[in-house]
Amino acid sequence: QVQLQQSEGDSVQAGGSLKLTCSVFGSIYSSYCMAWFHQSPGKDREGGANIESDGSTNYADSVKGRFTASQDKANNVLYLELNNMQPEDTGIYYCAAAYLTYCSGNIVASDFNYWGQGTQVTVSS
């Protein structure tokens, strides 16, 4: 069983940066895919980034160049660094995990079995 524990919510002004964390508890096999999703108010969760056990990453076009996913495998922690944030980045960010041999470039929620509780992020203009 895997449990994901995310950092507390935060707020930032437009143009600012945040770094979200997701701690992983439980058994993580050698092959996995972890991802970050963003949910705006009233909308479905959208995949933003994913990262494989070997560190390979994929990003949605909307966040390329602004968001960076990384991991600390020794401590089972997943990170998402968000730069040049804009008001449309406001919402809840979720980390997710799945036992997969690779991460697809198409980041969809249905591929993931385990979810964090979500982190509220607010970007003011």
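Here the structure is a predicted model, which means the values were calculated and not measured. (Residues numbered from 1 in each chain as written. Predicted model: local features only at pLDDT ≥ 70, side-chain atom pairs only at ≥ 80, totals over all residues. Heavy atoms only, no water.)

Engineer: Is there a simple way to explain the overall build of the protein in this structure?
Structural biologist: Looking only at helices and strands, one finds zero helices and eleven strands in the protein. Compactness check: the protein gives a C-alpha radius of gyration of 13 Å against a globular reference of 14 Å for 125 residues, within 12% of the reference. With the C-alpha coordinates aligned to their principal axes, the bounding extent of the protein is approximately 40 × 25 × 25 Å. When the 125 residues of the protein are sorted by exposure, 42% land in the buried category. The long-range fraction of contacts in the protein, counting pairs at least 24 apart against all pairs at least 6 apart in sequence, stands at 61%. (Helix = DSSP H or I, 4+ residues; strand = E, 2+ residues; numbered from the N terminus. Rg over C-alpha atoms; globule rule 2.2 N^0.38 Å. Buried < 20%, exposed > 50% of the residue type's maximum accessible area, 1.4 Å probe, protein only. Contact = heavy atoms within 4.5 Å.)

Engineer: Would you take a moment to explain the layout of surface pockets for this structure?
Structural biologist: In this approach, a probe sized like a water molecule rolls over the atoms, and the result shows the empty space that is left. Quantified by volume, the largest pocket comes out at close to 170 Å³. Lining the largest pocket are 15 residues, and of these His38, Glu46, Ser62, Val63 and Asp89 sit closest to its centre. Secondary structure elements with two or more residues in the lining of the largest pocket: strand E4 (33–39) and strand E5 (46–52). Residue composition of the lining of the largest pocket, by class: seven nonpolar, four polar and four charged. (1 Å grid on protein atoms, 1.4 Å probe; cavity = no way out; pocket = protein on both sides within 12 Å on 5 of 7 lines; lining within 4 Å. Points joined across faces, edges and corners; volume = space filled by probe spheres on them. Nonpolar A, V, L, I, M, F, W, Y, C, P; charged D, E, K, R; others polar.)

Engineer: What's the story with the side chain of histidine 38 in this structure? I'm lost.
Structural biologist: Locating histidine 38 in the fold gives a position in strand E4. A distance of 2.9 Å separates a polar side-chain atom of histidine 38 from the backbone oxygen of threonine 90. (Polar contact = N/O pair within 3.5 Å; in protein donor to acceptor, adjacent residues only side chain to side chain.)

Engineer: What is the right way to read the state of the cysteines from this model?
Structural biologist: A complete count under the given rule lists two disulfides for this structure. Covalently, cysteine 22 is tied to cysteine 95 through a disulfide, its sulfur atoms 2.1 Å apart. Sign of the S-S torsion, about 65° for the bond between cysteine 22 and cysteine 95, identifies this disulfide as right-handed. Here cysteine 22 is found in strand E3 (residues 18–26), whereas its partner cysteine 95 is found in strand E9 (residues 91–98), with 73 residues between them in sequence. Cysteine 95 matches cysteine 22 in its accessibility class, with the two residues each being buried. Note that cysteine 33 is cross-linked by a disulfide to cysteine 103, the S-S spacing being 2.0 Å. Between cysteine 33 and cysteine 103 the sulfur-sulfur dihedral comes to about 120°; the bridge is accordingly right-handed. Placement of cysteine 33 in strand E4 and of cysteine 103 in the loop between E9 and strand E10 (114–115) is noted, with a sequence separation of 70 residues between them. Overall, cysteine 103 belongs to the buried group, its relative accessible area being 5%. (Disulfide = S-S within 2.5 Å.)

Engineer: Explain the packing of aromatic side chains here, please?
Structural biologist: Geometrically, a pair of aromatic rings is defined through the distance of the ring centres and the angle of the planes. For the structure on display, the rule yields five aromatic pairs. Ring geometry for phenylalanine 37 versus phenylalanine 112: centroids 5.6 Å apart, planes at 80°, classification edge-to-face. Note that phenylalanine 37 is positioned in strand E4 and phenylalanine 112 in the loop between E9 and E10, a separation of 75 residues in sequence. The pair phenylalanine 37 / phenylalanine 112 is uniform in exposure class, with both members buried. Relative to tyrosine 114, the ring of tyrosine 99 lies with its centre 6.1 Å away and its plane at 70°, an arrangement referred to as edge-to-face. Highlighted residues: tyrosine 99 in the loop between E9 and E10 and tyrosine 114 in strand E10, separated in sequence by 15 residues. Taken together, the aromatic side chains of Phe37, Tyr94, Phe112 and Trp115 make up a single cluster linked through ring pairs. Directly above the ring of tyrosine 79 sits lysine 19, whose terminal nitrogen or CZ lies 4.7 Å from the centroid. Residue placement shows arginine 45 over the ring face of tyrosine 94; its charged tip is 3.6 Å from the ring centre. (Phe/Tyr/Trp six-rings, centres within 6.5 Å; stacked < 30°, edge-to-face > 60°. Lys NZ or Arg CZ within 6 Å of the ring centre and 35° of its normal.)

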